[in-house]
Amino acid sequence: LLFVFSHGISWGTVLTVYVSEILPEKGIGLSLLVNWFSSFLIGMFFPNMVDSWLKMSGTFLLFAVVSFAALIYLYDNMHETKGKTKGEIESMFLY
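In this report, we go over the structure that sits alongside the text.

Calculation notes
- Residues numbered from 1 in each chain as written.
- Predicted model: local features only at pLDDT ≥ 70, side-chain atom pairs only at ≥ 80, totals over all residues.
- Heavy atoms only, no water.
- Helix = DSSP H or I, 4+ residues; strand = E, 2+ residues; numbered from the N terminus.
- Buried < 20%, exposed > 50% of the residue type's maximum accessible area, 1.4 Å probe, protein only.
- Contact = heavy atoms within 4.5 Å.
- Areas by Shrake-Rupley, 256 points an atom, 1.4 Å probe, with all protein chains shown as cover.
- Lys, Arg positive; Asp, Glu negative; His and termini not counted.
- Charge placed at Lys NZ, Arg CZ, Asp CG, Glu CD.
- Polar contact = N/O pair within 3.5 Å; in protein donor to acceptor, adjacent residues only side chain to side chain.
- Phe/Tyr/Trp six-rings, centres within 6.5 Å; stacked < 30°, edge-to-face > 60°.
- Core = buried A, V, L, I, M, F, W, Y, C linked by side-chain atoms within 4.5 Å.
- Expected span 1.5 Å × (residues − 1).
- Bend = angle between axes of the 7 residues up to and from the residue.

A closer look at the overall build of the protein
No. 1: Helices and strands together make up the secondary structure of the protein, namely five helices and zero strands.
No. 2: The linear arrangement of helices and strands in the protein, starting from the amino end, is α-α-α-α-α.
No. 3: The principal-axis extent of the C-alpha atoms belonging to the protein is close to 50 × 25 × 20 Å.
No. 4: Within the span of the protein, comprising 95 residues, buried residues form 21% of the whole.
No. 5: Sequence-distant contacts, at least 24 apart, represent 45% of the contacts inside the protein between residues at least 6 apart.
No. 6: Within the structure as shown, the protein displays about 7,200 Å² of accessible surface, and the carbon and sulfur contribution to it stands at 72%.
No. 7: One finds the centroid of the 5 positive side-chain charges in the protein at a distance of 3 Å from the centroid of its 7 negative side-chain charges.

Next up, the structure:
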């Protein structure tokens, strides 16, 4: 439940909307490809992780820790884009 909760309040639910505001069309496709590929890898390796020394609770604990780390990273690096023009958004990401 912790993994599902942390995924739901972090990158999982806003990926498509957020990247469409900050990236060009090729970047949107690439970011969604990486997201789907990551989901595919989780689906492929989940049974092996459960059968290994991690068991069910360890596997979900690992997913929760990674999701929580992503939440912290995104909290520091994700910029608010509501009400901003495309030019203002682009200038926010030029370091």
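Focus: the side chain of S31
No. 1: Among the secondary structure elements, S31 is positioned in helix α3 (residues 25–51).
No. 2: At 2.9 Å, the side chain of S31 and the backbone oxygen of I28 are in polar contact.
No. 3: S31 has contacts with L15, V19 and L23, leaving out every residue within four places of it along the chain.

Remarks on the side chain of T81
No. 1: Summarising the element assignment, T81 is placed in the loop between α4 (55–77) and α5 (86–92).
No. 2: With relative accessibility at 8%, the residue T81 sits in the buried group.
No. 3: Residues within four places of T81 in sequence aside, it is in contact with Y18, E21, I22, I89 and M92.

Observations regarding the packing of aromatic side chains
No. 1: Across all of its chains, the model carries four aromatic pairs by this definition.
No. 2: Between the aromatic rings of F60 and F63, the centroid separation amounts to 6.2 Å while the plane-to-plane angle is 90°, which identifies the pairing as edge-to-face. Note that F60 and F63 are positioned in helix α4 at a spacing of three residues, about one turn of the helix.
No. 3: The exposure class assigned to F63 is buried, which follows from its relative accessible area of 10%.

Quick notes on the nonpolar core
No. 1: Grouped together as the largest cluster of nonpolar side chains are five residues: F3, M49, L54, F63 and A64.
No. 2: The residues contacting F3, other than those within four sequence positions of it, are F60, F63, A64 and S67.

Considering α3
No. 1: Given a rise of 1.5 Å per residue, 27 residues ought to cover 39 Å, and the 40 Å separating the end C-alpha atoms of α3 matches this to within 8%.
No. 2: Along α3, the helix axis deviates most sharply at F45, where the bend reaches about 40°; the proline P47 sits within four residues downstream.
No. 3: Within the span of α3, buried status applies to G27, I28, S31, M49 and V50.

Remarks on the environment of Y75
No. 1: Inspection of the secondary structure puts Y75 in helix α4.
No. 2: In sequence terms Y75 and L32 are 43 residues apart; their C-alpha atoms lie 20 Å from each other.

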